[in-house]
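What follows is each chain in one-letter form.
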Amino acid sequence: EGLDRTDVMLADGYVNLNHGSFGIVPRPIYEHHQKLVLKCEQRPDLWFRDQCKPKLHRSIDKLAEFVGLCSDSLSIISNTTTGVNAAFRSLCTSQTNILLFDTVYDMVSNLANVMVADKAAASVSLCPLALPIASEVAVMDAFRAFLEKKPHGYYGMFLFSHIVSFPSIRLPAKELVKVAKEFGIEHVVIDGAHAPGQIDLNVSEYLDEGADVYIANCHKWMFTPKGTAFIAFRPGTPIRPHLISSEYHHALEPGREHVGFEYVGTQDYTGFCTIARAIEYFETLGKANVLNYTHSLCKAATIYMEKQFVDTHCVCPLDMLDNMVTFILPHKEDDAQARTLYSALMAQDVCLHAKYRTGKWFVRFSMAIYVTPRDIVHATRLVCEHFGWPFDAALEFPAF
C-alpha cells in the first residue's frame, strides 16, 4: 500500500529477486538525480564551487538522522569497499593479526590477504560458522571458542558483516562487539553493507559498545543512485581516506576527521546529493510499513520455499532473517544444474543469486518492497523445474 508501481522502473515482466546486490532507484528519485546531473553540466563551476556542498551537507544531515548518528561522525563514500580499505589501511600495522568469519565478503578477505602479503598486517584468521546456523547463541559460542584458542589481545583487528551478504544472515552485532572488546581486540570494524533500509539501523549503538568504524551502502536498500555509501567512526579514531585530496587538511582539525572523506577530487557528487530525496521517499512510504512488509514477506517466502524445495534448507532460523533468505542446495561443486541456475532463470526474466562458497552451493532471494507473493511462487516453480523437483501448485502461500 502506498507504493506507486509506476515508480519501479524494472522492465515489464522482469522479476527481480536479487535486489540485495544492486538495489533500484525509483522514478521520482531517478528524475531528481537527473536534474542535478543536468545542473552540474550546465554550469560546472557554479555547481562545484557553490551549489554542490549545501546539497551534499543536507544529504549527510538527513542520512545521519536516518541511521542514528550525528552529522559530524559520518561521511559519504562511494561504496563499502572504499570504507573497508580506508579502515584496514589506517588501523592495521605490520604486527596486526586480523580476524574474520569464514562467511565474510570476498573483498574483505582479498584485502586482508593482500595486506599480509605486503607486510601491512601480520596474519589473517577465519573463524568458521557451521551452516546452517542454529541460533545467535551458536554464533556467539563459536566466536568465543575461537578467541579462547589465542592469548588475550592476540587479534588487533576484527571485521564482521552486520548482515552477511552470502549466505544472508543477520549477526548479533552488539554482542560480537562486546565479546571482541572483552578479549582485547583493539579495533572492531562492522561491514554494514546490507543494513541501511533493510533494518531500522542505529549505528550509535555499535560505536557506543566499542566498534571503531561502521561502513554501509545506501544504494542497496535505500533507493539511492549506485555508488552511494557512508563511513562512520568514533571521534578520535585514527582513520583517513585511501585517497588524499586537496581538502584533506581540513580533516586534520580535531573532531573533523570525517571531512577527509567528503571531497576526493573532481567526480560526480550528484548521487550523494540525491540521498536526502531518497530518504524522504522512503519516509513517505513509512519506514515501519516498508520493513514490516519486506520482513514478513521474507519469512512467509522462506516457509513456502522450504516446503517446495527438495533436501534444501534455510541457512538460519527465521529470527535471523530480514529482507533476504539463502538456501543451502544439496549439490556438489561441479554440479551442472547448480552452476546454470542463475543463467537458466535469467533466460526467463527471473533474477536470483546463486553461488558456490565455503564448500556449498547457495541460492539467495531478496524481498524488496515491490516483490509480491506471485513473484515468489513463480520463481519457486522455475527453480523446481530446473532441478527436476516436484512442484505443488496447490500449496498456498502463507498469509503474512
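Residues numbered from 1 in each chain as written. Predicted model: local features only at pLDDT ≥ 70, side-chain atom pairs only at ≥ 80, totals over all residues. Heavy atoms only, no water.

Peer 1: Pulling in residues and values, what's your account of the pairing of strand β3 (residues 97-101)?
Peer 2: Judged by how many residues are buried, β3 sits mostly within the fold: five of five residues are covered. Burial along β3 is two-sided: the face carrying Asn97, Leu99 and Phe101 and the face carrying Ile98 and Leu100 are both buried. Pairing of β3 with strand β4 (residues 123-127) involves five bridges; the strand directions are parallel. Within the sheet, the bridge partner assigned to leucine 99 lies in β4 and is serine 125. In terms of strand pairing, β3 meets strand β5 (residues 157-161) through two bridges, oriented parallel. Directly across from isoleucine 98, in β5, lies its bridge partner methionine 157. (Buried < 20%, exposed > 50% of the residue type's maximum accessible area, 1.4 Å probe, protein only. Helix = DSSP H or I, 4+ residues; strand = E, 2+ residues; numbered from the N terminus. Pairing = 2+ DSSP bridges.)

Peer 1: Tell me about helix α5 (residues 106-117), and name the residues and values.
Peer 2: Taking 1.5 Å per residue as the helical rise, α5 with its 12 residues ought to reach 16 Å, and the 16 Å between its terminal C-alpha atoms agrees with that figure. All of the buried residues in α5 are Met107, Val108, Ser109, Leu111, Ala112 and Met115. The inward-facing, buried residues of α5 contact α4 (80-91), β3, β4, β5 and β6 (187-191). Backbone geometry just downstream of α5 places lysine 119 in the positive-phi region, at approximately 60°. (Expected span 1.5 Å × (residues − 1). Contact = heavy atoms within 4.5 Å.)

Peer 1: Break down the nonpolar core for me, citing the residues and quoting the values.
Peer 2: Counting residues in hydrophobic clusters, the biggest one holds 114 residues, and the most contacted among them are Phe143, Phe158, Phe160, Phe230, Met305, Phe365 and Met367. Setting aside chain neighbours within four positions, we find phenylalanine 365 in contact with Leu17, Met305, Phe309, Asn323, Met324, Val325, Phe327, Leu352 and Val383. Of all hydrophobic cores here, the second largest spans 26 residues; its members include Val84, Ala87, Leu111 and Ile231. (Core = buried A, V, L, I, M, F, W, Y, C linked by side-chain atoms within 4.5 Å.)

Peer 1: An account of the pattern of salt bridges is needed here, citing residue identities and associated values.
Peer 2: Enumeration over the complete set of coordinates arrives at 12 salt bridges. Among the salt bridges present, the one from lysine 62 reaches glutamate 283, with a minimum N-O distance of 3.3 Å. Note that lysine 62 is positioned in helix α3 (residues 44-66) and glutamate 283 in helix α10 (residues 275-285), a separation of 221 residues in sequence. Residue classification places lysine 62 among the partly exposed residues on the basis of a relative accessible area of 21%. For arginine 357, the salt bridge goes to aspartate 106, with nearest N and O atoms at 4.0 Å. Placement of arginine 357 in strand β12 (residues 353-357) and of aspartate 106 in helix α5 is noted, with a sequence separation of 251 residues between them. Using a relative accessible area of 11% as the deciding quantity, one classes arginine 357 as buried. One network of salt bridges, in which partners are shared, links Asp106, Lys355 and Arg357. (Salt bridge = Lys/Arg side-chain N within 4 Å of Asp/Glu carboxyl O.)

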